[in-house]
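Close look at the chain arrangement
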Amino acid sequence: MIGLRSLRTRITIWGGLIVALCLAAYSFAIGHSYAAHVNAELDRSVHEDLELAERSIHVDGAGLPTWPNSSFWREVKEEEGGGHAIEVWSEEGKRLLTVGTIDPVELGAPDQTALGRARTVDLPTGPFRVLGERVKLSGSSFVVRAAVSEVAARREVTSLWREVAALSLAVFALGGLGGFFLVRRSLGPLARMAQHARRITAERLDERLSPEDAGLELNQMRDAFNETLARLERSFGELRTFTANASHELRTPLTVVRSVGEVGLSQPRSPEEYREAIGTMLEEADKLSRLLNGLLALARADAGGVKLRMERVDLSALASEVVEDLAVLAEEREQGLEAHANGSVAVTGDRVALRQALRNLVDNAIRYAPVRTRIQVRVEKQERGAVVEVRDEGPGIPLEHRDRIFERFFRGDGGRSRQTEGVGLGLSIVKAIAEAHEGRIELDSQEGVGSTFRLIIPS
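This write-up is about the structure you can find in this document. Everything quoted here is computed from the prediction, not taken from an experiment. (Residues numbered from 1 in each chain as written. Predicted model: local features only at pLDDT ≥ 70, side-chain atom pairs only at ≥ 80, totals over all residues. Heavy atoms only, no water.)

1. Description of the pairing of strand β6 (residues 126-137)
The condition is simple: Exposure classes here rest on a 1.4 Å probe applied to the protein chains alone. A residue is buried below 20% of its type maximum, exposed above 50%, and partly exposed in between. Secondary structure elements follow DSSP: runs of H or I of four or more residues count as helices, runs of E of two or more count as strands, with numbering from the N terminus. Note on pairing: two strands pair once DSSP finds at least 2 bridges between them.
The element β6 is extensively covered by neighbouring structure, given that nine of its twelve residues are classed as buried. Relative to β6, strand β5 (residues 119-123) is paired through five bridges, and the arrangement is antiparallel. Across the sheet, residue Arg119 finds its bridge partner in β6, namely Val130. In sequence, β5 turns back onto β6 through a hairpin of two residues. In this sheet, strand β7 (residues 140-149) lies alongside β6 in antiparallel orientation, the contact comprising ten bridges. Within β7, the position partnered with Leu137 by the bridge is Ser140. Counted between consecutive antiparallel strands, the loop separating β6 from β7 contains two residues, among which Ser138 sits at a positive phi close to 55°.

2. Quick notes on a nonpolar patch on the surface
Threshold: Here a patch means residues that are over 30% exposed by relative accessible area and free of salt bridges, tied together within 9 Å if like-charged and within 5 Å if nonpolar (Val, Leu, Ile, Met, Phe, Trp, Tyr). For the accessible areas, the method is Shrake-Rupley and the probe is 1.4 Å, while residue cover comes only from the protein chains on display. Any Lys or Arg side-chain nitrogen located within 4 Å of an Asp or Glu carboxyl oxygen qualifies as a salt bridge.
On the surface, Ile13, Trp14 and Leu17 cluster together to form a nonpolar patch covering roughly 320 Å² of accessible area. Of note, Ile13 is situated in helix α2 (residues 7-56). The class for Ile13 is partly exposed, based on a relative accessible area of 38%.

3. What about the sheet that holds strand β13 (residues 440-446)?
Just so we agree on the cut-off: Lines fitted to C-alpha atoms define the axes, with helix axes restricted to the stretch in contact, and inter-axis angles between N-to-C directions lie between 0 and 180 degrees. By definition in these notes, contact holds between two residues if any of their heavy atoms fall within 4.5 Å.
Taken in spatial order, the five strands line up as β9-β11-β12-β14-β13 in an open sheet, and their pairing is mixed. Pairing within the sheet leaves two strands with one partner each, and these edge strands are β9 (336-341) and β13. Strand-to-strand twist in this sheet, taken as the mean axis angle between neighbours without regard to direction, amounts to 15°. Of the pairings in the sheet, the one linking strand β12 (residues 385-391) to strand β14 (residues 450-457) comprises six bridges and is antiparallel in character. Bridging across to β14, Arg391 finds its partner in Thr452. The sheet strands contacting helix α9 (residues 351-368) are β9, β11 (374-382), β12, β13 and β14, and the helix crosses β14 at an angle near 175°. Its contacts with the sheet put helix α10 (residues 426-436) on β13 and β14, and the angle it makes with β13 is roughly 135°.

4. Side note on the side chain of Ser316
For the record, the criterion: Polar contacts, as used here, are pairs of N or O atoms within 3.5 Å; protein pairs need one atom able to donate a hydrogen and one able to accept it. Residues neighboring in sequence count only if both atoms are side-chain atoms.
With respect to the element layout, Ser316 can be found in helix α8 (residues 315-332). Overall, the relative accessible area of 9% leaves Ser316 in the buried class. Of note is the side chain of Ser316, whose polar atom sits 2.8 Å from the backbone oxygen of Gly343. The contact partners of Ser316, leaving out residues within four places of it in the chain, are Ala341, Gly343, Ser344, Val345 and Val379.

Laid out in structure tokens, this is it:
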């Protein structure tokens, strides 16, 4: 049963069946064609004998047929293949003349209803092809009948069938054996790929299937598998990095809370000192809460569990609300925060999620842009959809960090260092929200000039 499940065995079996069917059809066509040819030759031979007899018959004065030419007898008796006979009968059913190698008694009287039509008659000595016709000679009517043995012809047909059958079996055996070795050779690289793939584990995702040339189809499968391994390796790497970063980010506020609590309890403190310690612990708890909420949102996005409540949302009004809410933070840093919109720009989306995405973008610009700079939020309608641009005059993002800026917990260095109050999840959440709306997030940045984050939502 296991052998039948093998692709190699099934291909060999199906290939053998196809070859067998083709050979059977070819053999049948050859045998049938040759048998038809032999039957046609028999009919031609019996017609020639009949015509020869009709030309050789002479009617005497008494109205009886005779064979005046004795050479006709020898011609019939010596005809190639033997087993020939010619008879002349009267209309009353009396045999008048006979010549040949067949006992006249065996053929019997001619069938008046079968005249003019060749037919096969089985005699003790074998089958014969028989044809009779009514002829008129010198005013008298006779029935002339010719018979030709089919034994030799049938022997030839049988011999041909045997030869074709033997040749077909030989071709089938050789073809099946050759097909088996050909399939085995063709699928050999596939077996080696499977053996190599079994050795690849989560700890060895850097390995790839061997680049041996195995044919177009197997090469395509190998390349697709290697690409899958590359994606898995990248995903596992991101997962390890994410786990390490999440552990670090969670440990930091917990360590601060524990340290502040231990210091506060180490000795009696004044009310002001206790309030300061509690305030610090609340700040870290708030940071920890924001971090956990961000992680939960990203986990739901990864699992496809984000359920959007789709409705008609005016991005222009939503951007104005976000700017108004965060204006206090911008004022603390003496930054100018402005919103610009060219009329109403409506999309279909989740209002809460889109608000969070805009808030993260604007909050990100406020945190990392220098003091006394401008931050502009621009909303407009374009052919590719609704576009929200958040432009700052910050230090910009180095080129080597732009591909990683949307990774979780990535904050780069310099102006985006860990000295800021962010947890490194804001832009990742924005990207997840954009993709949930079948949109995308783009970045244009120039070092020393500023950065522009562009949120694009299909209309």
